[in-house]
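Analysis of the macromolecular model
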Amino acid sequence: MSDINRIIERAAQEIRPGNVVNLGIGLPTQVVHYLPENLEVLIHSENGVLGVAGQPSVDVIDPFLIDSAGNYISTRPGGSYFDSAVSFAMIRRGKLDLTMIGAFEVDQAGNLANWKIPGKFSPGIGGAMELAQKTPRIIVLTTHCDKKGNSKILRQCRLPLTAKHCVSRIITEKAVMDVTEHGLVLREKAADISIEELISITEAELIIPDEVGVL
Amino acid sequence: MSDINRIIERAAQEIRPGNVVNLGIGLPTQVVHYLPENLEVLIHSENGVLGVAGQPSVDVIDPFLIDSAGNYISTRPGGSYFDSAVSFAMIRRGKLDLTMIGAFEVDQAGNLANWKIPGKFSPGIGGAMELAQKTPRIIVLTTHCDKKGNSKILRQCRLPLTAKHCVSRIITEKAVMDVTEHGLVLREKAADISIEELISITEAELIIPDEVGVL
Amino acid sequence: MNKQQTIEQAIAQIPAGAVVMVGGFGCPGTPFCLINELLRQGQRNLTLIKNDANESGIGISKLIENGQVDKLITTHLGLNKPVIEMMNDGRLEVQFHPQGILAEKIRTAGAGTFGFLSDIGIDSEIIQPEQIMEWQGQRYVVEMAQKAEFALIHAAQADSYGNLVYQGSAMNFSPLMAMAADNVIVETSCFGTPGSIHPSRVHTPSIFVNAVVVLPQLSNEYGVLDHHVRY
Amino acid sequence: MNKQQTIEQAIAQIPAGAVVMVGGFGCPGTPFCLINELLRQGQRNLTLIKNDANESGIGISKLIENGQVDKLITTHLGLNKPVIEMMNDGRLEVQFHPQGILAEKIRTAGAGTFGFLSDIGIDSEIIQPEQIMEWQGQRYVVEMAQKAEFALIHAAQADSYGNLVYQGSAMNFSPLMAMAADNVIVETSCFGTPGSIHPSRVHTPSIFVNAVVVLPQLSNEYGVLDHHVRY
């Protein structure tokens, strides 16, 4: 299984029956394909859809129905369409239970940077700032390190922040970590990595409890 | 013909094909019954209806469809329903062509007082303030004098104002008058009253042009 | 995600002293059955927010006449004599707003923003001097968001998730209040499974709704009022 | 009240230098035909307001790549390389807003109010210090209304008065822009007489629409983009 698949499969387990969940562009939007078909959940897409379901078969795709990442989607029974003002009203009012979101950097205090690399990458903020600032529970989905092998789980973010102290949980292909008042606590680790290795590839200070699950 | 009917019939003539018109509570809401059936006009009711038409026959009344005065209505083809925020967005954006409105007092500068008689009558402002302040053309429909015989067309309003300098035209059972930069100009008078009599029952200073039509 | 509740359950969540928005402009949209249950349960010291006070003897006028309401935030009392009398007597505190401003204050709470800049009534006695703000060389009225703990809503149609459709002029304040209140209780006589309302026809998305009460049928209060019929 | 116009007539009203809102989030809702006519007529020095810049080679990206656009007010440029390059080169001025804030700024203009109080990004670099206001002991971001002279809108269905229905996720910014712009030009391939849309199904009431352009059919641009299909 690829690193990406491992992240997405693990992330899918976070979604509980009855949840309203926004899936950010990138890894998170793919989580919709890993949900059990009978799981009663409402996926929110900020372009104005509640009740997102996977792409229908190719010959019946509706070109006027996409998610915020541009993927063709369908809706489950009980879905609704609405305008962008209502869509962000839902977000700002805290009506979502959970947002899954990508990251350039995330730190042990739950700060998130995922929109701008000054001088290199600044394509705009999209809906990320409002989702990060206003959703009660934010789970970051990210590879543990960047392409150069540098940790993306930091002591303190260096890039411009999307929102402060917003992240509850971080899921990578190596570990599941929770932001707590005491710091970043390791909850699960991949079977193919030792705790020592994990600590060595993680810039953030990891708190290792007695029990660590298997990712 | 009663005074009231005379006012309403005259007012109905003000509505041109293609107009979007709000009819305030009281005399104005009755204007809808005096419009030619084939006149293409959209009557706006601030409770969320565009395209108001008269009450249908009694056995098919829809109890969930009223105008802002509580009258049962129907809608003409091309009508729409919307919420109160959108309804007042239309008003504040100046999308109405014309509002017809009642008055306790109106003065020669176009000031309007129609919502409060301190100590006697203050049931709230409703939508009157926004209609008066934001509609490009306001026509006041009122009896010329109150029940005690005092002029309602004043030099200067004494009651709390609904909006300043908002009225374009005043229609009473005795006269049609326009608020101009020079003052209040008589345009039409009833056949059964002389100009001298009209001046004597009108507190406002009336400018009498060479030509005065017949109401 | 099935939000169906009994009317007793749903209304019992409202404590004494609660701030409660009530949909409806005149009769259309007024949730008469939810209101009657609130009358029966008898919670007191309520603050109500509604466009109008209904007419004497129906809707929220019953709650006010029964002494359950301390304060009413509204736009117009119409010809409701008992309520006007209670206001004049000081037995009911009434706060008036221009109708579109009340709608927008509620919509602002529903949008998760905090206030908006207006010019309605800026030089009238309805605006207090402390509401005026100068910003970038212009004077504005600052109108703050109007929240509530509860909203009582009548829908023509609802599904079990809480997607709502309104009928005719019964929409009015309801979609705004459904967004603005923390707990939204809806009554409907037309109830279906998820999927019974097409996503494009939904007026209020389910996410804003907390409880749906199914009415076996609509009582006479929802019917045609004879004194408003033009014969 | 028949607002039908030819596409040439409708687009010819837009002068050089105009501020133009364009509906659509990605492809759905993007009025490709109106945009193509604006490309053909060639008005320059435009300011465009749209959620995104479309993908390279379609929609407003064509106008930008053709040098007709001085400024873009948007939320995200996605992976549109030529537009990002033009921004980085200084050939295109780009103003970014958080998506919901852009939506709300447009909606504020559409509501005829002047601004709103927000807390989104209050301590981030996206908010300028001069946008911060203290009011009744709280700090807020003041977000001003975003108007435009024109809006270009795609509707799934329209009647001759200009009542509009949107399809699926093609609604997005369109109803907000229809309220906010002084001249609203709509394209549709499904055109009917007044009464062809039930009053409860109208998403944008006719009062906000100035011109309706009837498309004989939808071109390939409105179809499925193969590179977005998951096989």
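Keep in mind the model is a prediction, meaning the values are calculated, not measured.

Across its full length, chain C carries 6 helices and 13 strands. Compactness check: chain C gives a C-alpha radius of gyration of 18 Å against a globular reference of 17 Å for 231 residues, within 12% of the reference. Along the first, second and third principal axes, the C-alpha set of chain C runs to 55 × 45 × 40 Å. Summarising the internal contacts of chain C: among those between residues at least 6 apart in sequence, 72% fall at separations of at least 24. Carbon and sulfur atoms form 48% of the exposed surface of chain C, whose accessible area is close to 8000 Å².

Here the focus is helix α4 (residues 81–89) of chain D. Residue and element names in this part refer to chain D. When we look at burial in α4, the residues that qualify are V83, I84, M86 and M87. Down the axis of α4, the buried side of the element spans an arc of 160 degrees, and every buried residue falls inside it. The exposed set on the far side of α4, more than 90 degrees from its buried face, consists of K81 and N88. In this structure N80 caps α4, since a side-chain oxygen of it lies 3.1 Å from the backbone nitrogen of V83. Just past α4, the residue G90 takes up positive phi, approximately 85 degrees.

Time to look at helix α2 (residues 84–92) of chain B. Each α-helix turn comprises 3.6 residues. Residues three or four places apart therefore point the same way. Most of α2 of chain B is tucked away: 9 of the 9 residues are buried. Every buried residue of α2 of chain B is listed here: S84, A85, V86, S87, F88, A89, M90, I91 and R92 of chain B. Contacts from the buried residues of α2 of chain B go to β2 (42–45) and α3 (128–134) of chain B, α5 (99–110) and α6 (174–180) of chain C together with α5 (99–110) and α6 (174–180) of chain D. Just downstream of α2 of chain B lies G94 of chain B, where phi reads positive at about 70 degrees.

Residue position: R92 of chain A is located in helix α2 (residues 84–92). Judged by its relative accessible area of 5%, R92 of chain A falls in the buried class. When the C-alpha atoms of R92 of chain A and L131 of chain A are compared, they prove to be 7.7 Å apart, with 39 residues separating the residues in sequence. When residues no more than four places from it in sequence are discounted, the contact partners of R92 of chain A are A85, E130 and K134 of chain A, A111, G112 and T113 of chain C together with G100, I101, E104 and I120 of chain D. A polar atom in the side chain of R92 of chain A sits 3.4 Å from the side chain of E104 of chain D.

With that settled, consider the nonpolar core. Of all hydrophobic cores here, the largest spans 44 residues; its most connected members are I14, L48, I60, I64, L152 and I185 of chain D. The leading source of residues in this core is helix α2 (residues 32–41) of chain D, at 5 residues. Non-local contacts of I64 of chain D, meaning those with residues more than four positions away in its chain, are made with A53, V69, L72, V83, M86 and L92 of chain D. In this structure, V22, L38, M87 and V94 of chain C belong to the second largest nonpolar core, which totals 43 residues.

At a closest axis distance of 9 Å, the pairing of α2 of chain B and α5 of chain C adopts a crossing angle of 125 degrees. By the angle between their directions, the pair α2 of chain B and α5 of chain C is classed as oblique. For the pair α2 of chain B and α5 of chain C, the crossing hand works out as left-handed. Here S84, A85, F88 and R92 of chain B of α2 of chain B come into contact with α5 of chain C, specifically with Q99, G100, I101, A103, E104 and R107 of chain C. Of the residues belonging to the contact of α2 of chain B with α5 of chain C, the class tally is 4 nonpolar, 3 polar and 3 charged.

Attention now moves to empty space enclosed by the protein. Counted according to the given criterion, the structure contains 6 cavities of 30 Å³ or more. Empty space within the largest cavity amounts to approximately 710 Å³. The wall of the largest cavity is formed by 36 residues, among which D83 and V86 of chain A, D83 and V86 of chain B together with H203 of chain D lie closest to the centre. Mapped onto the lining of the largest cavity, the elements with two or more residues apiece are α2 of chain A, α2 of chain B, α6 of chain C together with α6 of chain D.

Scanning the entire structure with this criterion turns up 44 salt bridges over all chains. Notably, a salt bridge pairs E37 of chain C with R40 of chain C, separated by 2.8 Å at the nearest N-O pair. Remark: R40 of chain C and E37 of chain C occur in helix α2 (residues 32–41); sequence separation between them is 3 residues, near one turn of the helix. Taking relative accessible area as the criterion, E37 of chain C reaches 7% and is therefore assigned buried. Looking at R40 of chain C, the relative accessible area reads 58%, which means it is exposed. With a closest N to O distance of 3.8 Å, E143 of chain C and K105 of chain C form a salt bridge. Residue E143 of chain C is found in strand β7 (residues 138–144), and its partner K105 of chain C is found in helix α5; the two are separated by 38 residues along the sequence. The pair E143 of chain C / K105 of chain C is uniform in exposure class, with both members buried. Each of R10, E14, R137, R169, D178, R187 and E188 of chain A takes part in a single network of salt bridges with overlapping partners.

Moving on to the packing of aromatic side chains. Applying the stated criterion across every chain yields a total of 6 aromatic pairs over all chains. For the ring pair F104 of chain B and F121 of chain B, a centre distance of 5.6 Å and an interplane angle of 80 degrees mean the geometry is edge-to-face. Here F104 of chain B is found in the loop between β5 (98–101) and β6 (105–107), whereas its partner F121 of chain B is found in the loop between β7 (112–113) and α3, with 17 residues between them in sequence. Judged by its relative accessible area of 25%, F104 of chain B falls in the partly exposed class. With 5.1 Å between their ring centres and 85 degrees between their planes, F32 of chain D and Y222 of chain D make a pair best called edge-to-face. Taken together, the positions of F32 of chain D in helix α2 and Y222 of chain D in the segment after β14 (211–214) put the pair 190 residues apart, joining distant regions of the chain.

We now examine the pairing of strand β6 (residues 132–135) of chain C. All names here are of chain C. Residues M133 and W135 line the buried face of β6, whereas the alternating positions I132 and E134 sit on a face that is not buried. Pairing between β6 and β7: 4 bridges, direction antiparallel. Looking across to β7, one finds that M133 is bridged to Y140. Between β6 and β7, which follow one another and run antiparallel, lie 2 residues, and Q136 among them has a positive phi close to 50 degrees.

The next point concerns the sheet that holds strand β1 (residues 4–5) of chain D. Residues and elements named next belong to chain D. Overall, parallel pairing links the 8 strands, which are arranged β1-β14-β12-β9-β2-β3-β4-β5 in an open sheet. The open sheet terminates on both sides in strands that have one partner only, identified here as β1 and β5 (93–96). Here strand β9 (residues 148–154) runs beside strand β12 (residues 181–188); their pairing, made up of 6 bridges, is parallel. Bridge pairing in β12 places A148 opposite A181.

What follows concerns unusual backbone geometry. As a rule of thumb, non-glycine residues mostly have phi less than zero, and peptide bonds are mostly trans rather than cis. All names here are of chain C. The phi dihedral of N54 falls on the positive side, at around 55 degrees, and the residue is not glycine. With respect to the secondary-structure elements, N54 resides in the loop between β2 (46–49) and α3 (60–65). Phi is positive for N172, which is not a glycine, with a value near 25 degrees. Mapped onto the secondary structure, N172 falls in the loop between β10 (164–165) and α6.

In this section: the interface of chain A and chain C. By a frequent convention, interface size equals the accessible area lost on bringing the separate parts together. Each side of the interface is counted separately: chain A has 22 residues, and chain C has 24 residues. Broken down residue by residue, the surface that chain A buries against chain C is led by Y81, R93 and K95 of chain A, which jointly contribute 32%. The tally of links from chain A across to chain C stands at 1 salt bridge. One salt bridge in this structure joins R93 of chain A and D182 of chain C, with 3.5 Å as the shortest N-O distance. Taken together, the connections running from chain A to chain C amount to 8 residue pairs in polar contact (both at pLDDT 80 or more). Of all the secondary-structure elements, those providing two or more residues to the side of chain A that touches chain C are β4 (74–81) and α2 of chain A.

Each value, and the rule that gives it
- One numbering rule holds for all chains: residues counted from 1, following each sequence as written.
- Chain labels run from A onward and ligand labels from 1 onward, assigned in the order the entries are written.
- The model is predicted, so local features are restricted to residues of pLDDT at least 70 and side-chain atom pairs to those at 80 or more, both for listing and for counting; the totals for chains, interfaces and linings are taken over all residues.
- Side-chain metrics rest on all non-hydrogen atoms present in the structure, leaving aside hydrogens and water.
- Strands here are runs of E lasting at least two residues and helices are runs of H or I lasting at least four, both read from the DSSP assignment and numbered beginning at the N terminus.
- Throughout, radius of gyration means the C-alpha value; the globule benchmark is 2.2 Å times the number of residues raised to the power 0.38.
- Two residues form a contact once any of their heavy atoms are found within 4.5 Å.
- Here the Shrake-Rupley method, with its probe set to 1.4 Å, supplies the accessible areas, and only the displayed protein chains count as covering residues.
- Relative accessibility decides the category of a residue: with a 1.4 Å probe and only protein chains considered, values under 20% of the type maximum give buried, values over 50% give exposed, and everything between is partly exposed.
- Within this analysis, the arc is defined by the directions that extend from the helix axis to the C-beta atoms.
- Two N or O atoms count as a polar contact when they lie within 3.5 Å, although within protein this holds only if one can serve as hydrogen donor and the other as acceptor, and sequence-adjacent residues are included solely when both atoms are side-chain atoms.
- By convention a nonpolar core is built from buried Ala, Val, Leu, Ile, Met, Phe, Trp, Tyr and Cys residues, the set being connected through side-chain atoms within 4.5 Å.
- Under this scheme, a helix contributes an axis fitted over its contacting stretch, all axes are lines through C-alpha atoms, and angles between N-to-C directions fall in the 0 to 180 degree range.
- The scheme is simple: roughly parallel for angles under 35 degrees, roughly antiparallel for over 145, roughly perpendicular for 65 to 115, oblique for anything else.
- Left-handed describes a crossing whose near helix is turned anticlockwise from the far helix through less than a right angle; right-handed describes the clockwise counterpart.
- Ten residue types, Ala, Val, Leu, Ile, Met, Phe, Trp, Tyr, Cys and Pro, are classed as nonpolar, four, Asp, Glu, Lys and Arg, as charged, and the remainder, Gly among them, as polar.
- With a 1 Å grid spanning the protein atoms alone, the term cavity applies to any set of points in which a 1.4 Å probe fits but cannot get out, the term pocket to an open set with protein on both sides within 12 Å along at least five of seven lines, and the term lining residue to any residue with an atom within 4 Å of a point.
- Grid points are joined across faces, edges and corners, and a volume is the space filled by probe spheres set on the points.
- Criterion for a salt bridge: a side-chain nitrogen of Lys or Arg within 4 Å of a carboxyl oxygen of Asp or Glu.
- Here a pair means two rings of Phe, Tyr or Trp (six-membered ring of Trp) with centres within 6.5 Å. Their orientation is stacked below 30 degrees between planes, edge-to-face above 60, and tilted elsewhere.
- For two strands to be treated as a pair, DSSP must find no fewer than two bridges joining them.
- Here the quantity called buried area is the accessible surface, traced with a 1.4 Å probe, that two parts lose on coming together, added over both.

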